[in-house]
Amino acid sequence: MDSYLVCYDISNPKRLRKVARTCEDFGYRKQLSVFLVRVSATDFVRLRSRLYDIIDLSEDQVLFIPLTESGLQRMEAIGRPTDDYDRNDVVMIL
């Protein structure tokens, strides 16, 4: 399983909701437009493909930022604390 931060900037509210729902299928919301996803290589391709079909390539942007396991272990939060599941849970998409 690989871990990614998925961050997006979507200009249309309808597409924004679709992108958020798609990301919820694969991971956990960390901030309004930021998700932590842990996926297999196959599921990563599925996620990218679904998002590609939703967004307007000339107006929107989705970033996939790979995370290392050591980086996840050192994750910190200022303000609202990071949830315990962020470091341990696995998302299974069937």
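Along each chain, numbering runs from 1 in the same order as the chain's sequence is written. Reporting in this predicted model follows two pLDDT cut-offs: at least 70 for local features of residues, and 80 or more for side-chain atom pairs to be given and counted; totals over whole chains, interfaces and linings ignore these cut-offs and use all residues. For the side-chain quantities, the full set of heavy atoms in the structure was used; hydrogens and water were omitted.

A.B. asks: How should the sheet that holds strand β2 (residues 27-31) be read in this particular structure?
C.D. replies: Through backbone hydrogen bonds, the strands of a sheet pair up, either in parallel or in antiparallel fashion. A pair of strands is treated as paired once DSSP finds two or more bridges between them. Helix and strand labels come from DSSP, where a helix needs a run of H or I of at least four residues and a strand needs a run of E of at least two; each type is numbered from the N terminus. Taking strand neighbours across the sheet as the criterion, the four strands line up as β2-β3-β1-β4 in an open arrangement whose pairing is antiparallel. Every interior strand has two partners, whereas the edge strands, β2 and β4 (61-67), have only one. Neighbour-to-neighbour, the strand axes of this sheet turn through a mean angle of 25 degrees, independent of strand direction. One ladder, built from seven bridges, connects strand β1 (residues 2-9) with β4; its direction is antiparallel. Looking at the pairing, Tyr-8 lines up with Val-62 of β4. By definition, residues are in contact when any of their heavy atoms lie within 4.5 Å. Note on method: axes are straight lines fitted to C-alpha atoms, helices fitted across the in-contact stretch only, with angles between N-to-C directions ranging 0 to 180 degrees. Together, β1, β3 (34-39) and β4 form the strand contacts of helix α2 (residues 41-54), whose direction differs from that of β4 by roughly 165 degrees.

A.B. asks: For this particular structure, what's the right way to read a positive patch on the surface?
C.D. replies: Nonpolar side chains (Val, Leu, Ile, Met, Phe, Trp, Tyr) within 5 Å and like charges within 9 Å form the patches, drawn only from residues with over 30% relative accessible area and no salt bridge. A 1.4 Å probe and the Shrake-Rupley method give the accessible areas. Residues count as covered only by the protein chains that appear here. Every case where a carboxyl oxygen of Asp or Glu lies within 4 Å of a side-chain nitrogen of Lys or Arg is listed as a salt bridge. Counted as positive: Lys and Arg. Counted as negative: Asp and Glu. His and the chain ends are not counted at all. The atom standing in for a charge is NZ when the residue is Lys, CZ when it is Arg, CG when it is Asp and CD when it is Glu. Taken together, the side chains of Lys-14, Arg-17, Lys-18 and Arg-21 present a region of like positive charge at the surface. As for its placement among the helices and strands, Lys-14 is situated in helix α1 (residues 13-26). Taking the relative accessible area as the measure of exposure, Lys-14 reaches 51% and is therefore exposed. Here the term buried applies to any residue with accessible area under 20% of the maximum for its type, exposed to any over 50%, and partly exposed to those in between, with areas from a 1.4 Å probe on protein chains only.

Purely spatial values, then, with no claim about function.
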